[in-house]
Amino acid sequence: MQCTYISALSFADYGSHPECDVALRSAYTALLEKNGYVHVTEVPDGFEHSRFLAGFGDFYPGPSGKLIDDIIAEPGMDDVYYGANRRALMPHTEGYEFDGLPPRYLALWCIVPPVGGGGETTLLDAYPLIEALRVEERNYLETQPFDWQASEGLRRRGLGQRSSHPILETIDGITLLRFSYNNILLLPGAVEPVASFLNRTKQVFDAEHITIKYQRNDLLHFDNWRMLHSRTEFEDAARHLKRVQIRYRG
Ligand SMILES: [Fe+2]
């Protein structure tokens, strides 16, 4: 088994030697902090993804109400913008429309990869874009609240949360980015500075994103306060991922 960055990172014997588990978790956490994400491939059958991930914090319930969501395309929903269909998404962070803090981490693992391609998760580290902001731009994004609404698909399902937050916050010294290219509601007068940031960020995302193509059992875990993510379109309705949203634990 190999990891994207450390070939020695192996889950093959996870759970059998406590000292090895500590060393593995330490190497994994270092990768997560350095790169903002970890993609582990060739995870053995029997590995308990959710048990491993529980070490990073408590889980939020997903739209289904379950702590471990099944990500399967819902029939009859391809006509709207929606995480649980087969169409491409726009770059976003998860939980921008939640009251309070969005999930610190998102993790997905693959039960059934799609036949015929597509269905990849795409990622971009947003911290370099934030670090490049001019002082007045950053101040604006940290102080101007915006209204955020859930996707059209969630609204159709009666799960349309809505909230008001600035795009940037600092929590315990950690920069928190909320981002949605298409579900942030822009008020007159607030459009120009933020539209520039949204468009610039989307251009960089489109040009420089990382593409994660899933094989069975693959684990993808990323920092949702730092990384933008999206999804490419796919056809195969059998595609099945599991997903957890992990709370910030301070
Ligand atoms: Fe998402």
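In this text the structure is predicted, and so the values were computed from the model without any measurement. (Residues numbered from 1 in each chain as written. Predicted model: local features only at pLDDT ≥ 70, side-chain atom pairs only at ≥ 80, totals over all residues. Heavy atoms only, no water.)

Description of the overall build of the chain
Here is step 1 of the chain: Scanning the chain for helices and strands turns up six helices and 14 strands.
Here is step 2 of the chain: For the chain, whose C-alpha radius of gyration is 18 Å, the value lies close to the compact-globule estimate of 18 Å for 250 residues.
Here is step 3 of the chain: Out of the 250 residues in the chain, the part that is buried amounts to 49%.
Here is step 4 of the chain: Sequence separation of at least 24 residues holds for 78% of the intrachain contacts in the chain that already meet a minimum separation of 6.
Here is step 5 of the chain: Counting 25 positive and 34 negative side-chain charges, the chain places the centres of these two groups 3 Å from one another. (Helix = DSSP H or I, 4+ residues; strand = E, 2+ residues; numbered from the N terminus. Rg over C-alpha atoms; globule rule 2.2 N^0.38 Å. Buried < 20%, exposed > 50% of the residue type's maximum accessible area, 1.4 Å probe, protein only. Contact = heavy atoms within 4.5 Å. Lys, Arg positive; Asp, Glu negative; His and termini not counted. Charge placed at Lys NZ, Arg CZ, Asp CG, Glu CD.)

Some details on the sheet that holds strand β5 (residues 121-125)
Here is step 1 of the chain: The three strands are arranged β11-β5-β13 in an open sheet whose pairing can be described as antiparallel. Among the strands making up the open sheet, the edge pair consists of β11 (210-212) and β13 (227-231). With strand direction ignored, the average angle separating the axes of adjacent strands in the sheet is 25°. (Pairing = 2+ DSSP bridges. Axes fitted to C-alpha atoms, helices over the stretch in contact; angles between N-to-C directions.)

A look at the sheet that holds strand β10 (residues 184-185)
Here is step 1 of the chain: The antiparallel open sheet is built from three strands, whose spatial order is β7-β6-β10. The open sheet has two edge strands, β7 (162-165) and β10, and neither has a second partner.
Here is step 2 of the chain: In this sheet, β7 lies alongside strand β6 (residues 146-149) in antiparallel orientation, the contact comprising four bridges. Note on β7: the bridge partner recorded for Phe146 is His165.

What to know about the coordination of the iron ion
Here is step 1 of the chain: Distances from the iron ion to its protein donors, His92 (NE2), Glu94 (OE) and His229 (NE2), fall within 2.1 to 2.2 Å.
Here is step 2 of the chain: Judged by its relative accessible area of 16%, Glu94 falls in the buried class.
Here is step 3 of the chain: According to the relative accessible area criterion, His229 is buried, its value standing at 8%. (Donors = N, O, S within 2.8 Å, 3.2 Å for Na, K, Ca; no water.)

A closer look at unusual backbone geometry
Negative phi characterises most residues that are not glycine, and trans characterises most peptide bonds.
Here is step 1 of the chain: With phi around 55°, Glu42 is a residue other than glycine that occupies positive phi space.
Here is step 2 of the chain: With respect to the helices and strands, Glu42 occurs in the loop between β1 (37-40) and α2 (49-53).
Here is step 3 of the chain: Owing to a relative accessible area of 53%, Glu42 belongs among the exposed residues under this scheme.
Here is step 4 of the chain: The phi dihedral of Asn217 falls on the positive side, at around 80°, and the residue is not glycine.
Here is step 5 of the chain: With respect to the helices, strands and loops of the structure, Asn217 is situated in the loop between β11 and β12 (219-223).
Here is step 6 of the chain: Look at Asn217 and you get buried, because its relative accessible area is 11%.

A short note on the environment of Phe59
Here is step 1 of the chain: Note on placement: Phe59 falls in strand β2 (residues 59-60).
Here is step 2 of the chain: By relative accessible area, Phe59 is classed as buried at 14%.
Here is step 3 of the chain: The sequence separation of Phe59 and Leu106 amounts to 47 residues, and the corresponding C-alpha distance is 9.5 Å.
Here is step 4 of the chain: In this structure, Phe59 is in contact with Ser50, Leu53, Ala54, Leu67, Val244, Gln245, Ile246 and Arg247, ignoring residues within four places of it in sequence.

So, the confidence of the model for the chain
Here is step 1 of the chain: Across the chain, the average pLDDT comes to 90, with 94% of residues at or above 70.
Here is step 2 of the chain: Across residues 1-8, where pLDDT falls below 50, the model places 25 contacts with residues more than four positions away in sequence or in other chains. (pLDDT = per-residue confidence, 0-100.)

Some points on the pairing of β6
Here is step 1 of the chain: The sheet contact formed by β6 and β10 spans two bridges and is antiparallel. Bridged to Trp148 within β10 is Ile184.

Structural notes on helix α4 (residues 135-143)
Here is step 1 of the chain: The set of residues buried in α4 consists of Glu137, Tyr140 and Leu141. An end-on view of α4 places all buried positions within 95° of arc, on one side of the element. Opposite its buried face, α4 presents the exposed residues Val135 and Thr143, each directed more than 90 degrees away. (Arc of directions from axis to C-beta.)

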